[in-house]
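Coordinate inspection notes
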Amino acid sequence: MITAHTKHFDTIVRRMIIPCEIAIPGEENSRQTLSALWDTGATSTCISQEVAETMGLKPEDFTPVIGMENKTIEAPLYSIQISMGSFIIPYIQVIGLPMSSHEHNMILGMDVMVHGDVSITNHNGKTTLSFRQPSLETIDYSKEVRDIKRYTTMHMAWQKQGNQKCPCGSGKLWDNCHGNSVYLPKKAKY
Amino acid sequence: MENNIKKQILYYNEHKDDLLKQYNHKYIVVSPELQVSSFDALSEGFTYGVENYGYGNFLLKDFTTPTQQVHIISPTIARI
């Protein structure tokens, strides 16, 4: 099943904090909504130790964690369920850590992001974070730019010969295919 | 913080190399009686542990990924 969730921010943000529900697997009554910071610098997902204790989470393992200033602490691991909209990870081991931030009490690490595809866009001065699972395709902006340059050059040559097909081989007209790309300036409509 | 798995952790530390060799790429559950069971998925290990030993009374170890250090670095830089 494909699931996805999107968070639209009102401005450009440098810290993406979104609501995230967590629960002890199989115990719906334990569900809580936390403020989760998306952090590609974190290998693992963490929750505030204070939240873990309030929820009655019990450790099932301990792991060394290297934090700021290369300090290592032994931190408890808990199995929880994570959900954001329809995006659900039914079982994941997360780390309980002391957190002093007033903005977030959870850090979503790379172990969550590797479940699917994540994109961050900043169009029209607004940050949008969107993610889905499972991963469906490779997004390669560099290849897209290379392709549109190549196709535009080919299209200009073909156009002189009266050929309006898109050079990508789709069989569509240029205007309905790569000619409509976000990489090209929008044509004025009369 | 309540910790009901001290005995299991001691057992794990004493037998770490053997357990890693025997249960590589698996999840293992170590019971209060120090019995070891292995599973292919975290969900299976967690469910088995809760049903048989009660929540919080078992060690659940992940041998599916190579041992790696956990890094959590999220600095907030104050602008003055």
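All residue numbers here refer to positions counted from 1 along the written sequence of the relevant chain. To label them, take the chains in the order written and letter them from A, then take the ligands in the order written and number them from 1. Side-chain atom pairs in this predicted model are given and counted only at pLDDT of 80 or more, local residue features only at pLDDT of at least 70, and totals for whole chains, interfaces and linings cover all residues. Note: side-chain values were computed over all heavy atoms of the structure, leaving out hydrogens and water.

1. A look at the sheet that holds strand S2 (residues 36–39) of chain B
Hydrogen bonds between backbone atoms are what pair the strands of a sheet, whose relative direction is either parallel or antiparallel. Residues and elements named next belong to chain B. Applied cut-off: The pairing criterion for strands is at least two bridges between them, as found by DSSP. Here a helix means four or more residues in a row that DSSP labels H or I, a strand means two or more in a row labelled E, and each is numbered from the N terminus. To define axes, lines are fitted to C-alpha atoms, for helices over the stretch in contact only, and angles between the resulting N-to-C directions are given on a 0 to 180 degree scale. Pairs of residues are marked as contacts when any of their non-hydrogen atoms sit within 4.5 Å.
Across the sheet, 3 strands lie side by side as S2-S1-S3; this open sheet has antiparallel pairing. Unpaired on one side and paired on the other, S2 and strand S3 (59–62) mark the two borders of the sheet. For this sheet the average axis-to-axis angle between neighbouring strands, irrespective of direction, equals 20°. Pairing of strand S1 (residues 27–30) with S3 involves 4 bridges; the strand directions are antiparallel. What sits directly across from Val29, in S3, is Leu60. Across the sheet, helix H1 (residues 6–22) lies against S1, S2 and S3, angled at about 30° from S3, the strand it touches most.

2. Quick notes on the domain arrangement of chain A
Where interface size is given, it is often the accessible area lost as the parts come together that is meant. Here is the rule: Each domain's extent was defined by an automatic or database domain assignment.
Each assigned domain of chain A is listed here: domain 1 (12–115) and domain 2 (141–180). Domain 1 of chain A and domain 2 of chain A are separated by 46 Å when their C-alpha centres are compared.

3. Looking at the pattern of salt bridges
Residues and elements named next belong to chain A. What counts here: Put simply, a salt bridge is a Lys or Arg side-chain nitrogen that is within 4 Å of an Asp or Glu carboxyl oxygen.
Going through the model one piece at a time under the given rule, you end up with 9 salt bridges over all chains. Two residues, Arg31 and Glu28, come together in a salt bridge whose shortest N-O distance is 3.0 Å. A salt bridge links Asp147 to Lys143, with the nearest nitrogen and oxygen atoms 2.7 Å apart. Of this pair, Asp147 and Lys143 are both found in helix H3 (residues 141–160), 4 residues apart, which corresponds to roughly one turn of the helix.

4. Overview of H3(A)
All names here are of chain A. Filter applied, for reference: Every helix has an expected span of 1.5 Å times one less than the residues it contains. Only protein chains enter the accessibility calculation, which uses a 1.4 Å probe. A residue is then buried if its area is under 20% of the maximum for its type, exposed if over 50%, and partly exposed in between. Working note: the arc is built from the helix axis to C-beta atom directions. Polar contact is the term for a pair of N or O atoms within 3.5 Å; when the atoms are in protein, one must be able to donate a hydrogen and the other to accept it, and sequence-neighboring residues count only if both atoms are side-chain atoms.
With 20 residues, H3 ought to run about 28 Å at 1.5 Å a step, and its terminal C-alpha atoms sit 29 Å apart, in line with that. Every buried residue of H3 is listed here: Asp147, Ile148, Tyr151, Thr152 and His155. Projected onto a plane normal to the axis of H3, the buried residues spread over an arc of 140° and lie on a single side. The exposed set on the far side of H3, more than 90 degrees from its buried face, consists of Arg146, Lys149, Thr153 and Lys160. In this structure Asp140 caps H3, since a side-chain oxygen of it lies 3.1 Å from the backbone nitrogen of Ser142.

5. Describing a nonpolar patch on the surface
What counts, and what does not: Within this analysis, patches are made of residues with over 30% relative accessible area and no salt bridge. Like charges are joined at 9 Å or less; nonpolar side chains (Val, Leu, Ile, Met, Phe, Trp, Tyr) at 5 Å or less. Calculation of accessible area relied on Shrake-Rupley with a 1.4 Å probe; when residues are assessed, cover is drawn exclusively from the protein chains displayed.
On the surface, A:Ile139, A:Tyr141, A:Val145, A:Val182 and A:Tyr183 cluster together into a nonpolar patch covering about 480 Å² of accessible area. Locating A:Tyr141 in the fold gives a position in helix H3.

6. Some remarks on the sheet that holds strand S1 (residues 3–8) of chain A
Residues and elements named next belong to chain A. Here we have 3 strands laid out as an open sheet, ordered S1-S10-S9, and antiparallel in their pairing. Two strands bound the open sheet, and with one partner strand each, they are S1 and strand S9 (117–121). Between one strand axis and the next, the sheet turns through 10° on average, direction left out of account. As paired elements, S1 and strand S10 (residues 128–133) share 6 bridges and run antiparallel to each other. If you follow Thr6 over to S10, its bridge partner there is Ser130.

7. Considerations on the packing of aromatic side chains
The condition is simple: Planes of paired rings set the category: under 30 degrees apart is stacked, over 60 is edge-to-face and the rest tilted, where pairs are Phe, Tyr or Trp rings (Trp by its six-membered ring) whose centres lie within 6.5 Å. A ring is scored as having a charge over it whenever the NZ atom of a lysine or the CZ atom of an arginine sits within 6 Å of its centre and within 35 degrees of its normal.
Inspection of every chain in the model, using the stated rule, returns 8 aromatic pairs over all chains. Relative to B:Tyr48, the ring of B:Phe39 has its centre 5.0 Å away and its plane inclined at 45°; by these criteria the two rings are tilted. Given a relative accessible area of 27%, B:Tyr48 falls into the partly exposed group. Judged by centre distance (6.3 Å) and plane angle (70°), the ring pair of B:Phe46 and B:Phe58 falls under edge-to-face. Of the two residues, B:Phe46 sits in helix H2 (residues 42–53) while B:Phe58 sits in the loop between H2 and S3, which places them 12 residues apart along the sequence. As far as burial versus exposure is concerned, B:Phe46 and B:Phe58 are alike and both buried. Here a set of aromatic residues connected by ring pairs shows up, and it is made of A:Tyr91, B:Phe46, B:Tyr55 and B:Phe58. Across from the ring centre of A:Phe9, 5.4 Å away, lies the NZ or CZ of A:Lys7, which sits over that ring. The ring of B:Tyr12 is capped by B:Lys61, whose NZ or CZ atom sits 4.2 Å from the centre of that ring.

8. Some words on the nonpolar core
Put simply, the rule reads: Residues grouped as a nonpolar core are buried Ala, Val, Leu, Ile, Met, Phe, Trp, Tyr and Cys residues, joined through side-chain atoms within 4.5 Å.
Formed by 37 residues in total, the largest nonpolar core has its most connected members in A:Ile22, A:Trp38, A:Ile47, A:Leu57, A:Ile82, A:Met84 and A:Met106. The contact partners of A:Ile82, leaving out residues within four places of it in the chain, are A:Cys20, A:Glu21, A:Ile22, A:Thr45, A:Phe87, A:Ile88, A:Ile89, A:Ile92, A:Val94, A:Met106, A:Leu108 and A:Val112. Counting 11 residues, the second-largest nonpolar core is a separate cluster that includes B:Ile5, B:Tyr11, B:Tyr23 and B:Ile28.

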